Amino acid sequence: MSSPVPPTARPSPSTIHRAGKEKVELSDQNYKMISLALALVVLVAGVLVRVSSGYSTSYQRVSRRDVPEQAQVIDWKSFNVLPTVLPPSVANASTIFILPGHDLDSLKEKPFHIYDDAFYNVIGTNPTLTLIANTGTNPMFHEAAVWYPPTDEMFFVQNAGVPAAGTGLNKSNVILKISLEEAAAVSSVRNASGSVNVQLVDAPAILNSNGGTNYRGQIVIAAEGQGADSPSQLVVMNPEEPYNTTTLLNNYFGRQFNSLNDVAVNPRNKELYFTDTLYGYLQDFRPSPGLRNQVYIYNDKTGAVAAVADGFNLPNGLTFSPDGSHAYVTDTGAFHGFWGWNFTNPASIYRFDVQEDGTWDNRKLFAYVDAGVPDGIHCDSNGNVYAGCGDGVQVWNPSGKLIGKIFLGKTSANFNFAGDGRMVILAEEDLFYATLGASGGGYIDGA
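Think of each chain on its own: its residues are numbered from 1, step by step along the sequence as written. Per-residue local features of the predicted model are confined to residues with pLDDT of at least 70, and side-chain atom pairs are confined, for both listing and counting, to 80 or more; whole-chain, interface and lining totals are unaffected and use all residues. Excluded from the side-chain calculations are hydrogens and water; all other atoms, namely the structure's heavy atoms, are used.

## Looking at the overall build of the protein
Thought 1: The way it works is that DSSP assigns letters per residue, a run of H or I at least four long becomes a helix, a run of E at least two long becomes a strand, and they are numbered from the N terminus. Of the regular secondary structure elements, the protein holds five helices and 28 strands.
Thought 2: Exposed residues in this analysis have more than 50% of their type's maximum accessible area, buried residues have under 20%, and partly exposed residues fall in between, with area computed by a 1.4 Å probe over protein chains only. Split into buried and exposed, the 447 residues of the protein put 51% on the buried side.
Thought 3: Any two residues whose heavy atoms approach within 4.5 Å at even a single point are treated as in contact. If you take every contact in the protein between residues at least 6 apart in sequence, the share linking residues at least 24 apart comes to 54%.

Here you go:
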């Protein structure tokens, strides 16, 4: 804030001091002209202040005037200062912050939370969120949200390695899919659980699948593996029956990957990148790790594999900006699976510059999330960044400013766009279908 300007002393009718030096004699006529000019300056300044104030008030009215039915504006200042700030044993990454004046139900009732005006462009004029399936306690809706345009279906996988699913060392998780046409038919209803057919995909060769993406007309899946003798690998699956599979990569110079997690294609160079982390080990279905936690690049033409980034605690989700110039990697190091939480570890998103040769540099902290850890991550066509977090899907502009949330009141490990204005959100036991204004970063046909 600039310092206040002290009030100006009125000069005498006949003299004025020039920078503290000689006196200049003024006629009464000259003095009146100066006085009139000063009065005009004051008048104009007052008008500008009122106009500026009017713009500010009008801006606030515009921000709140056309709030969609399922949206609400969040006032940052409402929680800048709290009467009581709970200790870390109570308020931490494993909990959800309930805003002042709200309870969990009121936050979920209008799930599109507007933290910045830029979020209006993301959600559009009439965003909707519909619960389309619920499985009780079995986390069937976890990862690998992949849209396949030729059949307009969304593929996803069950949680691997959690007791509620019984998956991991003794049983692999399963792959599933839904028809987006069926989901769209119930988008006007808030709870349409059971209205959409969740279909099993018969691909038993893929052991403990996790992340996935479109790849050369098919789907490539990061399989975490099972035990010491079934290594973690990249597997290409036919998205149509009979869902036949081909192993693309299963080692790094004869060494097993730790627990492949996510995979993405760069839209500029069309090369495949993937993250390797420790969750198979931390959930007791993979052996002790033998490699660093890293991000790799795979060149389909030559078969070459190289590490492009390290220094993570637990690298997880991976995506690229629409033009392929930036890479985003989530680090979920705060959550160690069966080993619990370490709140001083990252719950962060990092951004890298992608060079013309496919290598990365200029690592930058992009965001640190307030609820849970950022897991699956995607960009829309305008470069906004979305991540599945402990309270739903959070959204940042390309500069890393939080602009809004799709608030579920529970964890979303992953989600994905299905072209223009459609999104499927995976929330463990719950499956959601959302309509909004934004479009996905684009289906890379033939990549």
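## A look at the packing of aromatic side chains
Thought 1: Aromatic pairs are defined between Phe, Tyr and Trp rings, using the six-membered ring for Trp, whenever the two ring centres lie within 6.5 Å; interplanar angles under 30 degrees are classed as stacked, those over 60 as edge-to-face, and all others as tilted. Inspection of every chain in the model, using the stated rule, returns 21 aromatic pairs.
Thought 2: Where Phe-79 meets Phe-97, the ring centres are 5.6 Å apart and the plane angle is 65 degrees; that geometry is what we call edge-to-face. Here Phe-79, found in the loop between β3 (71-73) and α2 (104-109), pairs with Phe-97, found in the loop between β3 and α2; they are 18 residues apart in sequence, far enough to count as distant.
Thought 3: We classify Phe-79 as buried; its relative accessible area is 17%.

## Concerning the environment of Ser-321
Thought 1: With respect to the helices and strands, the residue Ser-321 is situated in the loop between β18 (315-320) and β19 (326-331).
Thought 2: We classify Ser-321 as buried; its relative accessible area is 6%.
Thought 3: Sequence-wise, Ser-321 and Asp-380 are 59 residues apart; in three dimensions their C-alpha atoms are separated by 8.1 Å.
Thought 4: In this structure, Ser-321 is in contact with Pro-267, His-326, Tyr-328 and Cys-379, ignoring residues within four places of it in sequence.
Thought 5: In terms of polar contacts, Ser-321 uses its side chain to reach the side chain of Asp-323, at 2.8 Å. Pairs of N or O atoms are called polar contacts if they sit within 3.5 Å, as long as, within protein, a hydrogen donor faces a hydrogen acceptor (for residues adjacent in sequence, only side-chain-to-side-chain pairs).

## With respect to the environment of Gly-217
Thought 1: Secondary-structure assignment places Gly-217 in the loop between β10 (209-215) and β11 (218-223).
Thought 2: The class for Gly-217 is partly exposed, based on a relative accessible area of 27%.

## So, unusual backbone geometry
Thought 1: For the bond running from Glu-241 to Pro-242, omega is 15 degrees, close enough to zero to count as cis.
Thought 2: Along the polypeptide, Pro-242 turns up in the loop between β12 (233-237) and β13 (245-249).
Thought 3: Look at Asp-152: it is not a glycine, yet its phi comes out positive at around 50 degrees.

## A short note on the sheet that holds strand β22 (residues 377-379)
Thought 1: Here a strand pair is declared whenever DSSP counts at least two bridges between the two strands. Taking strand neighbours across the sheet as the criterion, the six strands line up as β3-β4-β25-β24-β23-β22 in an open arrangement whose pairing is mixed. Of all strands in the sheet, those with a lone pairing partner are β3 and β22, marking the two edges. Averaged over all neighbouring strand pairs, the angle between strand axes comes to 20 degrees, with direction disregarded.
Thought 2: Bridge analysis of β3 against strand β4 (residues 112-114) gives three bridges, and the strand direction is parallel. Within the sheet, the bridge partner assigned to Gln-72 lies in β4 and is His-113. Note on method: axes are straight lines fitted to C-alpha atoms, helices fitted across the in-contact stretch only, with angles between N-to-C directions ranging 0 to 180 degrees.

## Re the pairing of strand β27 (residues 420-427)
Thought 1: β27 sits mainly inside the fold: seven of its eight residues count as buried.
Thought 2: Bridge count between strand β26 (residues 414-417) and β27: four bridges; the pairing is antiparallel. If you follow Phe-417 over to β27, its bridge partner there is Met-423.
Thought 3: In sequence, β26 turns back onto β27 through a hairpin of two residues, with Gly-419 there showing a positive phi of about 80 degrees.

## Thoughts on the confidence of the model for the protein
Thought 1: Values of pLDDT, which run from 0 to 100, indicate the predictor's confidence residue by residue. Within the protein, residue pLDDT values average 88, and 84% of them lie at 70 or more.
Thought 2: Below a pLDDT of 50 lies the segment residues 1-62, which in the model reaches 19 contacts outside its immediate sequence neighbourhood of four places, other chains included.

## Observations concerning the sheet that holds strand β28 (residues 430-439)
Remark on secondary structure: sheet strands pair via backbone hydrogen bonds, oriented parallel or antiparallel.
Thought 1: Taken in spatial order, the four strands of this open sheet run β5-β28-β27-β26, and their pairing is antiparallel. Pairing within the sheet leaves two strands with one partner each, and these edge strands are β5 (128-134) and β26. On average, each strand axis in the sheet is inclined to that of its neighbour by 20 degrees, with strand direction left out of account.

## A word on the pattern of salt bridges
Thought 1: A side-chain nitrogen of Lys or Arg and a carboxyl oxygen of Asp or Glu constitute a salt bridge if their distance falls within 4 Å. The final tally for this structure, using the stated rule, is ten salt bridges.
Thought 2: Among the salt bridges present, the one from Lys-177 reaches Glu-153, with a minimum N-O distance of 3.1 Å. Residue Lys-177 is located in strand β8 (residues 175-179), and its partner Glu-153 is located in strand β7 (residues 153-157); the two are separated by 24 residues in the primary sequence.
Thought 3: Take Lys-177: its relative accessible area is 7%, and that puts it in the buried class.
Thought 4: Between Asp-370 and Lys-405 there is a salt bridge, with its nearest N and O atoms 3.1 Å apart. Here Lys-405 lies in strand β25 (residues 402-407) and Asp-370 lies in the loop between β21 (360-368) and β22, a separation of 35 residues in the sequence.
Thought 5: Asp-370 sits in the partly exposed class, given a relative accessible area of 39%.
Thought 6: For Lys-405, a relative accessible area of 5% corresponds to the buried category.

## A short note on the side chain of Asn-416
Thought 1: Relative to the elements of secondary structure, Asn-416 occurs in strand β26.
Thought 2: Look at Asn-416 and you get buried, because its relative accessible area is 15%.
Thought 3: Only 2.8 Å separates the side chain of Asn-416 from the backbone oxygen of Ala-145, close enough to count as a polar contact.
Thought 4: The contacts of Asn-416, once residues within four sequence positions are left out, are Ala-145, Val-146, Trp-147, Met-154, His-378, Arg-422, Met-423 and Val-424.

## Concerning the side chain of Asp-380
Thought 1: Summarising the element assignment, Asp-380 is placed in the loop between β22 and β23 (385-389).
Thought 2: Within the structure, the side chain of Asp-380 is placed 2.9 Å from the backbone nitrogen of Asn-382, a separation counted as a polar contact.

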